[in-house]
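# Structural description and commentary
Residues per chain, in single letters:
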Amino acid sequence: MTGNDSQQAHVKMIFVNLPVRDLAKAMAFYEAIGFTNNPQFSDETAACMVLSDTIFVMLLTHAKWRSFTDRPIPDSGASEVSLALTCATRQKVDAMVAAAGQAGGTPDINPPQDHGFMFQRSFIDPDGHLWEPFWMDPAAATNGPPAEG
(Lines give C-alpha, C1' and ligand atoms only; values in the text may rest on other atoms or scores of the structure.)
Protein backbone atom coordinates (compact mmCIF):
# COMPACT_ATOMS: atom_id res chain seq x y z
CA MET A 1 0.00 0.00 0.00
CA THR A 2 1.43 3.35 -1.01
CA GLY A 3 1.08 6.54 0.98
CA ASN A 4 -1.59 7.68 -1.46
CA ASP A 5 -3.55 4.42 -0.97
CA SER A 6 -3.35 4.94 2.78
CA GLN A 7 -4.86 8.41 2.45
CA GLN A 8 -7.66 7.11 0.24
CA ALA A 9 -8.51 4.40 2.79
CA HIS A 10 -8.70 6.92 5.65
CA VAL A 11 -12.28 7.61 6.65
CA LYS A 12 -13.00 11.20 7.63
CA MET A 13 -14.81 11.66 10.91
CA ILE A 14 -16.15 14.75 12.62
CA PHE A 15 -16.19 15.46 16.34
CA VAL A 16 -18.37 18.48 17.08
CA ASN A 17 -17.49 19.98 20.48
CA LEU A 18 -20.35 21.75 22.24
CA PRO A 19 -20.30 23.55 25.60
CA VAL A 20 -23.25 22.57 27.83
CA ARG A 21 -24.53 23.91 31.16
CA ASP A 22 -25.91 20.58 32.47
CA LEU A 23 -24.08 17.50 31.19
CA ALA A 24 -26.68 14.95 32.31
CA LYS A 25 -29.53 16.95 30.77
CA ALA A 26 -27.59 17.39 27.51
CA MET A 27 -26.80 13.66 27.36
CA ALA A 28 -30.48 12.79 27.86
CA PHE A 29 -31.46 15.23 25.11
CA TYR A 30 -29.01 13.78 22.58
CA GLU A 31 -30.01 10.22 23.47
CA ALA A 32 -33.66 11.19 22.85
CA ILE A 33 -32.86 12.34 19.31
CA GLY A 34 -30.96 9.20 18.37
CA PHE A 35 -27.38 9.51 19.65
CA THR A 36 -25.77 6.90 21.92
CA ASN A 37 -23.16 7.52 24.61
CA ASN A 38 -19.66 6.10 24.31
CA PRO A 39 -18.63 5.73 27.97
CA GLN A 40 -15.01 5.07 26.96
CA PHE A 41 -14.68 8.77 26.10
CA SER A 42 -17.01 10.18 28.75
CA ASP A 43 -16.54 11.30 32.35
CA GLU A 44 -18.02 13.88 34.72
CA THR A 45 -16.78 16.74 32.50
CA ALA A 46 -17.51 15.42 29.01
CA ALA A 47 -19.66 12.94 27.12
CA CYS A 48 -19.00 11.45 23.71
CA MET A 49 -22.32 11.07 21.90
CA VAL A 50 -22.28 8.92 18.77
CA LEU A 51 -24.62 9.31 15.80
CA SER A 52 -22.76 7.12 13.29
CA ASP A 53 -19.36 5.60 12.62
CA THR A 54 -18.18 9.03 11.47
CA ILE A 55 -20.26 11.60 13.42
CA PHE A 56 -19.65 12.35 17.10
CA VAL A 57 -20.73 15.15 19.41
CA MET A 58 -18.57 15.91 22.42
CA LEU A 59 -20.65 17.53 25.14
CA LEU A 60 -18.33 19.53 27.38
CA THR A 61 -19.08 21.23 30.68
CA HIS A 62 -18.24 24.92 30.61
CA ALA A 63 -15.18 24.28 32.78
CA LYS A 64 -13.94 21.58 30.38
CA TRP A 65 -14.64 23.82 27.37
CA ARG A 66 -12.53 26.58 28.93
CA SER A 67 -9.58 24.17 29.16
CA PHE A 68 -9.55 24.12 25.32
CA THR A 69 -9.99 27.83 24.56
CA ASP A 70 -10.11 31.26 26.14
CA ARG A 71 -12.77 32.35 23.64
CA PRO A 72 -16.08 33.17 25.33
CA ILE A 73 -19.01 30.78 25.26
CA PRO A 74 -21.86 32.49 23.38
CA ASP A 75 -25.06 32.88 25.37
CA SER A 76 -27.84 30.42 24.50
CA GLY A 77 -29.67 33.05 22.43
CA ALA A 78 -26.80 33.38 19.94
CA SER A 79 -25.96 31.12 17.01
CA GLU A 80 -22.34 30.64 16.04
CA VAL A 81 -22.84 27.63 13.76
CA SER A 82 -25.67 25.72 12.17
CA LEU A 83 -25.18 21.97 12.22
CA ALA A 84 -26.90 20.48 9.18
CA LEU A 85 -27.51 16.75 9.30
CA THR A 86 -28.85 14.52 6.54
CA CYS A 87 -31.81 12.24 7.18
CA ALA A 88 -32.92 9.32 5.01
CA THR A 89 -36.50 10.61 4.50
CA ARG A 90 -38.73 13.60 5.14
CA GLN A 91 -40.41 11.56 7.86
CA LYS A 92 -37.05 11.09 9.62
CA VAL A 93 -36.58 14.88 9.56
CA ASP A 94 -40.00 15.31 11.17
CA ALA A 95 -39.28 12.55 13.72
CA MET A 96 -35.96 14.10 14.80
CA VAL A 97 -37.51 17.56 15.22
CA ALA A 98 -40.44 16.08 17.19
CA ALA A 99 -38.05 14.13 19.44
CA ALA A 100 -36.01 17.30 20.02
CA GLY A 101 -39.15 19.17 21.12
CA GLN A 102 -40.24 16.36 23.44
CA ALA A 103 -36.75 16.20 24.99
CA GLY A 104 -36.56 19.89 25.94
CA GLY A 105 -35.31 21.47 22.72
CA THR A 106 -37.12 24.13 20.70
CA PRO A 107 -38.44 22.81 17.36
CA ASP A 108 -38.65 24.93 14.22
CA ILE A 109 -36.59 27.81 15.58
CA ASN A 110 -36.39 28.76 11.88
CA PRO A 111 -39.32 28.20 9.49
CA PRO A 112 -39.34 24.79 7.75
CA GLN A 113 -38.20 24.89 4.13
CA ASP A 114 -39.64 22.61 1.45
CA HIS A 115 -38.09 22.97 -1.99
CA GLY A 116 -39.52 19.70 -3.33
CA PHE A 117 -36.11 18.09 -3.86
CA MET A 118 -34.98 19.19 -0.36
CA PHE A 119 -36.86 19.42 2.93
CA GLN A 120 -35.32 21.08 5.99
CA ARG A 121 -36.41 21.85 9.53
CA SER A 122 -34.51 23.10 12.56
CA PHE A 123 -34.31 22.92 16.33
CA ILE A 124 -32.11 24.17 19.12
CA ASP A 125 -30.95 21.95 21.94
CA PRO A 126 -31.39 23.05 25.58
CA ASP A 127 -28.10 24.99 25.35
CA GLY A 128 -29.14 26.88 22.22
CA HIS A 129 -27.06 24.94 19.65
CA LEU A 130 -28.77 25.08 16.24
CA TRP A 131 -29.36 21.84 14.33
CA GLU A 132 -30.91 21.57 10.87
CA PRO A 133 -31.92 18.04 9.89
CA PHE A 134 -32.70 17.79 6.20
CA TRP A 135 -33.60 15.34 3.46
CA MET A 136 -32.39 15.84 -0.08
CA ASP A 137 -33.42 13.76 -3.06
CA PRO A 138 -30.28 11.82 -4.05
CA ALA A 139 -31.08 12.39 -7.74
CA ALA A 140 -30.98 16.16 -7.17
CA ALA A 141 -27.45 15.87 -5.79
CA THR A 142 -26.35 14.24 -9.06
CA ASN A 143 -28.38 16.60 -11.27
CA GLY A 144 -30.84 13.87 -12.18
CA PRO A 145 -34.62 14.14 -12.10
CA PRO A 146 -36.14 14.39 -8.60
CA ALA A 147 -37.41 11.13 -7.13
CA GLU A 148 -40.77 10.79 -5.42
CA GLY A 149 -40.38 11.99 -1.81
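First, a word on scope: everything that follows refers to the structure included in this document. (Residues numbered from 1 in each chain as written. Predicted model: local features only at pLDDT ≥ 70, side-chain atom pairs only at ≥ 80, totals over all residues. Heavy atoms only, no water.)

### Considering the pairing of strand E10 (residues 130–136)
The element E10 is largely enclosed, with a buried count of 6 among its 7 residues. Of the strand pairs in this sheet, strand E5 (residues 82–86) and E10 are connected by 5 bridges, and their pairing is parallel. Looking across to E10, one finds that Ser 82 is bridged to Leu 130. Bridge count for strand E8 (residues 118–120) against E10 is 3 bridges, and the pairing is antiparallel. Paired with Gln 120 across the two strands is Phe 134, which belongs to E10. With 2 bridges connecting them, strand E9 (residues 123–124) and E10 associate as antiparallel partners. Looking at the pairing, Ile 124 lines up with Leu 130 of E10. (Buried < 20%, exposed > 50% of the residue type's maximum accessible area, 1.4 Å probe, protein only. Helix = DSSP H or I, 4+ residues; strand = E, 2+ residues; numbered from the N terminus. Pairing = 2+ DSSP bridges.)

### Topic: a nonpolar patch on the surface
There is a patch of nonpolar side chains on the surface, built from Val 11, Met 13 and Phe 15 and spanning about 290 Å² of accessible area. On the secondary structure map, Met 13 appears in the loop between helix H1 (3–9) and strand E1 (14–20). (Patch = residues over 30% accessible without salt bridge, like charges linked within 9 Å, V, L, I, M, F, W, Y side chains within 5 Å. Areas by Shrake-Rupley, 256 points an atom, 1.4 Å probe, with all protein chains shown as cover. Salt bridge = Lys/Arg side-chain N within 4 Å of Asp/Glu carboxyl O.)

### With respect to the environment of Ala 139
Assignment of secondary structure puts Ala 139 in helix H5 (residues 138–141). Sequence separation between Ala 139 and Phe 117 is 22 residues; the distance between their C-alpha atoms is 8.5 Å.

### Considering the side chain of His 129
One can find His 129 in the loop between E9 and E10. From its side chain, His 129 meets the backbone oxygen of Pro 19 in a polar contact 2.9 Å long. Aside from chain neighbours lying at most four places away, what touches His 129 is Leu 18, Pro 19, Tyr 30, Phe 123 and Ile 124. (Polar contact = N/O pair within 3.5 Å; in protein donor to acceptor, adjacent residues only side chain to side chain. Contact = heavy atoms within 4.5 Å.)

### Concerning the packing of aromatic side chains
Per the counting criterion, the structure on display carries 6 aromatic pairs. Seen from their ring centres, Phe 15 and Phe 56 are 4.3 Å apart, and the 5° between their planes marks the pair as stacked. Of this pair, Phe 15 sits in strand E1 while Phe 56 is found in strand E4 (residues 55–61), placing the two residues 41 residues apart along the sequence. Look at Phe 35 and Trp 131: their rings are 6.1 Å apart centre to centre, the planes differ by 70°, and that puts the pair in the edge-to-face class. Of this pair, Phe 35 sits in the loop between helix H2 (23–32) and strand E2 (36–38) while Trp 131 is found in strand E10, placing the two residues 96 residues apart along the sequence. Phe 35 gets classed as buried once you look at its relative accessible area, which sits at 3%. (Phe/Tyr/Trp six-rings, centres within 6.5 Å; stacked < 30°, edge-to-face > 60°.)

Honestly, that's just the spatial picture; any functional story needs more than this.
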